[in-house]
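A closer look at the structure
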Amino acid sequence: METQGEADKEMENTMVYEQAKVNELAKKIKAFMRENHMVSGYLERVQGDLAAGMPIPDIETAVDNGRLRFMLDCYLCHMVSKMQESEQKKYGRKLIDELEKIEIVPKKKTGTGMKQVVWEVAELLKELDGFKYAEYMEVGDMETDTVRRIYTDLMVPEKRLALSNYLQSFSGTVQGERISEVVAFLQEAGKAREAEKNVRKGR
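Let me sum up the structure you'll find in this document. Owing to the predicted nature of the structure, the values given are computational and were not obtained by experimental measurement. (Residues numbered from 1 in each chain as written. Predicted model: local features only at pLDDT ≥ 70, side-chain atom pairs only at ≥ 80, totals over all residues. Heavy atoms only, no water.)

**Quick word on the overall build of the chain**
When its secondary structure is counted, the chain shows 11 helices and zero strands. The secondary structure elements of the chain, listed N-terminal to C-terminal, are α-α-α-α-α-α-α-α-α-α-α. Of all 203 residues assigned to the chain, the portion counted as buried reaches 41%. Looking at the chain alone, contacts between residues at least 24 apart form 70% of all its contacts between residues at least 6 apart. Carbon and sulfur atoms form 54% of the exposed surface of the chain, whose accessible area is close to 11600 Å². (Helix = DSSP H or I, 4+ residues; strand = E, 2+ residues; numbered from the N terminus. Buried < 20%, exposed > 50% of the residue type's maximum accessible area, 1.4 Å probe, protein only. Contact = heavy atoms within 4.5 Å. Areas by Shrake-Rupley, 256 points an atom, 1.4 Å probe, with all protein chains shown as cover.)

**Thoughts on the packing of aromatic side chains**
Overall, the coordinates contain four aromatic pairs when judged by the stated rule. Their ring planes at 70 degrees and their centres at 5.9 Å tell us that Phe32 and Tyr91 sit as a pair that is edge-to-face. Of the two residues, Phe32 sits in helix α2 (residues 19-35) while Tyr91 sits in helix α6 (residues 87-101), which places them 59 residues apart along the sequence. Given a relative accessible area of 2%, Phe32 falls into the buried group. Sitting above the plane of the Tyr166 ring, Lys132 keeps its charged end 5.0 Å from the centroid. (Phe/Tyr/Trp six-rings, centres within 6.5 Å; stacked < 30°, edge-to-face > 60°. Lys NZ or Arg CZ within 6 Å of the ring centre and 35° of its normal.)

**Structural notes on the pattern of salt bridges**
Throughout the structure, instances matching the rule amount to 19 salt bridges. As a salt-bridge pair, Arg93 and Glu85 come within 3.0 Å of each other at their nearest N and O atoms. We classify Arg93 as partly exposed; its relative accessible area is 38%. Since its relative accessible area comes to 54%, Glu85 is described here as exposed. Residues joined by salt bridges that share partners form a network here, namely Asp64, Arg69, Glu103, Asp141, Asp145, Arg148 and Arg149. (Salt bridge = Lys/Arg side-chain N within 4 Å of Asp/Glu carboxyl O.)

Shown next as C-alpha cells:
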C-alpha cells in the first residue's frame, strides 16, 4: 500500500490543492498586470462580461473561482501573446501555466494520500448532504475549487475533526463503510501531523 507521502507526490503535477498557493499566484498576477499596464484593460473587459450591476471582482477573487479565472486566463493569454519576446513575456506565460494548473483534475482520485482522500470526502458530502457540500462552493466554481476548499479545511486540525465528526453522524447510512475508512484515515493523518510537529519541536 502506498504511503500518504508517495500518493501526494504522485499528484504534484495536477491541480493546486493549497489555498495559500492560489493566493500567492493571485499576488504575482496582480503585480505582473500592474507592471505591464494591463489592469485598466482587464477591468473594462470584465465589466463588459458581467451582468449589469455586478461588482468587478479583484484578482484574488478571480483566481479563486472557475468562471472568473477563465475570463482572466483569456485576457492574459491575449495580452501576453501581443508582447514582444522578453523575460516579461516568458514570465507571463509561466503565470498563465500556473493559473491553468489550478483546475487540472487528477487522473487518480483513489488511494491513501490526503490529496486523494479529499475527493472521497467531497463525494460523500455531495451524496449525504448537498447543503453541506454547497458551503464550500461559490457561483461559477469548477469542481477543483470546491475540493481545494475542503482540502484546506482538512489541513486545519479543528476543522478536520469537525468534518470527521460530521461524516460519522451518517455512519448508519449505506455509505457507512466508506465513511469509516475516510474517518480512520483523517484520524491517523491528524496523529501523524501532530507527531511531525513534536519532532520539529524536539519533543
